[in-house]
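# Structural characterization, general
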Amino acid sequence: MPRVEWAALSGDEVEAVVSNLLYNEFPTATRIRPSQGDYGIDVLIPSSLDRAIFDIYQIKKFATNLGDSEKRQIKGSFRRLLIGLVRRGIPVGDWYLVMPLDPTIENRLDWFNAMPNDVIQAMFSDGELALTDQEKEQILNWRNNDGRIIEWKGNLFCEALVSKYWFVPDYYLHGGNERVRAAVSDVAAILHRDLTLPKEHPKDAASILTPSEVADHLARLQRALDGDPHFRYGVSFDPRRPQLTVEPGLVAATQEVAPDGSCLTFKIFQRSNESLNERPIPIRLNFQVTEESSQAFELWRKYGKPVTLPAEMDANLPGGLGGKISNGTITITPADNEPHESRYRVVTPTGNVAGEVTFRMMSATGPDGTGHWLSGTDPSGAVSIDALVSVADRKFKARFKVNDITDRDPTAAAPALEFMAALDAPNRLQVAAKYGPFFNIEQLPENREKLPDLIARFVRALAVFQTRTTEQLAIPDLSAMTIADVHRVIDSAALIQGRIIIKTWDGFSVPSVNPGVHLDPDGHYQISILRPLRLKITEREISVGTVETVALSARVVTNSDGSLSILPATNNTAHERFAEEEPMPSGGELPVRWREVPQL
C-alpha cells in the first residue's frame, strides 16, 4: 500500500481523503460543505450517547508545522463552532481537530490545552460580538460538561484509518478509480466470451468456464471493486433473472440477461450516508408517457405516488456500470423516509367510536410540491390505506382496502376489520398523529367497498375464542364456510362473553335415568343439559369450556323400552349460557339435570 504524502497534498485533497476515511469509519456521518455559515464544521457524526447530539470533526491540512497562522485558523474554527452553538442552536457534543500532524509536547500540553478557554475568554470580552449573559452561560455549561472531549487527532489517527480503509487514498490519489472501472469491464467480457480460451478459438466462441475459473474471475473482480470508497458491489450469476427488491443501502442495480435466460446481476450499495453526495449518480430519463400511463404520471408528479413508466435511460452508475437503455421501464418510488404512525377512527353521528385502527405510514411528495402521497397498513396487514393530500386546499382523498385475511391473526386483525365495517355514511372519519387529539376529515360518502359487518363480527368472535385457548388461531378461508358456520362461531363467542342466547327446542330422548329416580309423567320440569363448547373451523375442532342449555318448560314421557322422551310442555323456549363453573363433559354422554317447576 503506497504511503500518503500528506505534505504534498493540497488542502482540498487532504479534506477529501480524511473526510472519506471518516465516512467509512462512521457511516452515519454528514459532510458540511464550506460556506459562510458552516460554523467551522467539516463533519457531523451522531453521538453514540445521544443520536440528537453531534460530535464535530474539524479537518485541517497542516502536515509539517503548526505556526501562528495555523493556530489562528484553528482558533477561528473553534470560535465559529461556539457561535453556532448559541446562535444557531447546533446540538454540539464533543469536538475533534483532525489533521495529519501529531502535536509536539509544547503544542499539546500548553497551547492546545489552553486553546478552548483562551477562545472563550476572547469571545466574552469581544464588544462587537456582544454575547448575552445567557449565551455566555450556555458556552460555559457546554465547556464544563462532565466528560466533555476536546481532542487533537493527529497523524497516527489518520494513518490508522488509512491502514484500515486503504482504498480511500488509493481511489483519490493512486488511480484506484480506473481499476474499479477495469474490473467491471472484465465482468462484461466474461458475459460474451471466455477470456481463458486459447487464441485459436474464434472471438465469438461460447464460454466454457470451469467453476474454479469462474471463482478466480470473481475473486479478482471483488478485490478491485472493494477499492471503491463510496460504494460496495454485489455480483451474482443466476440461471434465471432474480427479482430485484429494496435492500438497506441499495442505490442501484443492473441486470444483463443472456439468450439462455441466465442473468448477471450487479448491485450497488452505498458505504455511508455521504456516498451519493461524494459520488452523485447522473441519470437522464426520457419518459414515454402514453394515454394509459398519463394519469399515473400525474399522480407521481403532483403527489409522489410510485409509478412505473416506459422510458429510455442513460445512467452513469458507479464502477462504470450503466449506459443507455431503450425500451425499458422505470419505477419511481419514494426516497427512504422514517415510517410514522397515524391513527384513524370512525365516529357515529352521536359521537360514539365505531372503529379505530393505527396505520404504519410512509409518505412522499411530488416533484412539483403540490401534494403528498400516504400509504400504510395496520399492524396485522389486514387493511391498507392509500391517500392523496392536496397542499393548496388540504383536500384529503383516501382509499381503504381489505387485503387477503386468510391465515392472519384474528386478535390483531379484528380492530382493523371493525373499522372497515363502520366506514360508511353517515359516520365520520377522523385522523390523529400517534399521540394527541383527533381531527375530522370529512363526512364519508357511501363506501361501495364496505366490508360486510358479518365478517368483522366473525373475526372478533375468533379473537374471543383465542382468549380461551393457547393454540394459535388463524382466520380461515371464508369462501369454504357457510353462513350457518359463521353464525355458529359468532353465537358461541357471545356465550363466552357472558350473554344468554334464547332459542327454541323440539324435544329429545334420554336412554334411561339413574335407579331410584322417579319422574312424574304429569309433572312439569325444567331440564338442564351440559355439553362441551367447541370451535370448529373447516377440519379443526377446539373445545374451550362448557355450555348449559336449560329448557324452561318440559314434560317427560316414559317409553316402552324404558327410555324417556323429553318434550316441550307449556312452551318450547330454552336459554343457553357459558357455564364456566362446570367441568367440561367427556365421553359420549351428556349430563342431564331436571327440577320441578313450582306451581304458581
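Predicted model, so just to flag it, every value in this text is computed and none were measured. (Residues numbered from 1 in each chain as written. Predicted model: local features only at pLDDT ≥ 70, side-chain atom pairs only at ≥ 80, totals over all residues. Heavy atoms only, no water.)

### Here's the deal with the overall build of the chain
On a plain count of helices and strands, the chain comes out with 13 helices and 25 strands. Sequence-distant contacts, at least 24 apart, represent 61% of the contacts inside the chain between residues at least 6 apart. Of the roughly 33200 Å² that the chain leaves accessible, carbon and sulfur atoms contribute 50%. (Helix = DSSP H or I, 4+ residues; strand = E, 2+ residues; numbered from the N terminus. Contact = heavy atoms within 4.5 Å. Areas by Shrake-Rupley, 256 points an atom, 1.4 Å probe, with all protein chains shown as cover.)

### Quick look at the packing of helix H11 (residues 410–422) against helix H12 (residues 453–466)
The contact between H11 and H12 brings their axes to 8 Å, and the two run at 155 degrees. Classified by the angle their axes make, H11 and H12 are roughly antiparallel. Here the hand of the crossing between H11 and H12 comes out left-handed. Note on element contacts: H12 touches H11 through Asp 453, Ala 456, Val 459, Arg 460, Leu 462, Ala 463 and Gln 466, opposite Pro 410, Thr 411, Ala 413, Ala 414, Pro 415, Leu 417, Glu 418 and Ala 421. (Axes fitted to C-alpha atoms, helices over the stretch in contact; angles between N-to-C directions. Parallel < 35°, antiparallel > 145°, perpendicular 65-115°, else oblique. Left-handed = near helix turned anticlockwise from the far one by under 90°.)

### So, the sheet that holds strand S1 (residues 30–31)
With mixed pairing, the 5 strands of this open sheet are ordered in space as S1-S2-S3-S4-S5. Where the open sheet ends on each side, the last strands, each with one partner, are S1 and strand S5 (150–153). Bridge analysis of strand S2 (residues 43–46) against strand S3 (residues 54–59) gives 4 bridges, and the strand direction is antiparallel. Each bridged residue has a counterpart across the sheet, and for Pro 46 the counterpart in S3 is Phe 54. (Pairing = 2+ DSSP bridges.)

### Some points on the side chain of Asp 170
You can see Asp 170 is positioned in helix H6 (residues 167–173). Relative accessible area serves as the criterion here: at 12%, Asp 170 is assigned to the buried category. Setting aside residues no more than four positions away along its own chain, Asp 170 makes contact with Gly 175, Gly 176 and Arg 179. (Buried < 20%, exposed > 50% of the residue type's maximum accessible area, 1.4 Å probe, protein only.)

### Quick notes on the confidence of the model for the chain
Per-residue pLDDT for the chain has a mean of 84; in total, 86% of the residues score no lower than 70. Here residues 191–208 scores under 50 on pLDDT; set against residues more than four positions off or in separate chains, the count is 23 contacts. (pLDDT = per-residue confidence, 0-100.)

### Section: the pairing of strand S16 (residues 396–402)
Within a regular beta strand, the side chains point alternately toward one face of the sheet and then the other, so they alternate between its two faces. With 7 bridges connecting them, strand S15 (residues 383–390) and S16 associate as antiparallel partners. Within S16, the position partnered with Val 389 by the bridge is Phe 396. Hairpin connection between S15 and S16: a loop of 5 residues separates the two successive antiparallel strands, and Arg 394 in this loop has a positive phi of roughly 55 degrees.

### Regarding the packing of aromatic side chains
Evaluation of the coordinates by the stated rule reveals 17 aromatic pairs. Judged by centre distance (5.5 Å) and plane angle (70 degrees), the rings of Tyr 171 and Tyr 172 are edge-to-face. The class for Tyr 171 is buried, based on a relative accessible area of 14%. For Tyr 172, a relative accessible area of 29% gives the class partly exposed. (Phe/Tyr/Trp six-rings, centres within 6.5 Å; stacked < 30°, edge-to-face > 60°.)

### Focus: unusual backbone geometry
Across the junction of Ala 425 and Pro 426, the peptide omega takes the value 10 degrees, indicating a cis bond. If you trace the backbone, Pro 426 turns up in the loop between H11 and strand S17 (428–433). With phi around 55 degrees, Ala 130 is a residue other than glycine that occupies positive phi space. Within the element layout of this structure, Ala 130 appears in the loop between helix H3 (105–124) and helix H4 (133–143). The class for Ala 130 is partly exposed, based on a relative accessible area of 45%. Even without glycine at this site, Asp 407 takes up a positive phi of about 75 degrees. Relative to the elements of secondary structure, Asp 407 occurs in the loop between S16 and H11.

### Description of the nonpolar core
Ranked by internal contacts, the top residues of the largest apolar core, which has 49 residues, are Tyr 344, Phe 400, Leu 417 and Phe 419. Element by element, the count of residues in this core is highest for H11, at 8 residues. Phe 62, Leu 81, Trp 95 and Leu 101 belong to the second-largest nonpolar core, a separate cluster that totals 31 residues. (Core = buried A, V, L, I, M, F, W, Y, C linked by side-chain atoms within 4.5 Å.)

### Here we look at the sheet that holds strand S6 (residues 231–238)
Taken together, 3 strands build an open sheet; the order of strands is S6-S8-S7 and the sheet is antiparallel. Every interior strand has two partners, whereas the edge strands, S6 and strand S7 (250–257), have only one. Averaged over all adjacent pairs, the angle separating strand axes in this sheet is 15 degrees, with direction ignored. As defined by bridge partners, S7 adjoins strand S8 (residues 263–270) across 7 bridges and the pair is classed as antiparallel.

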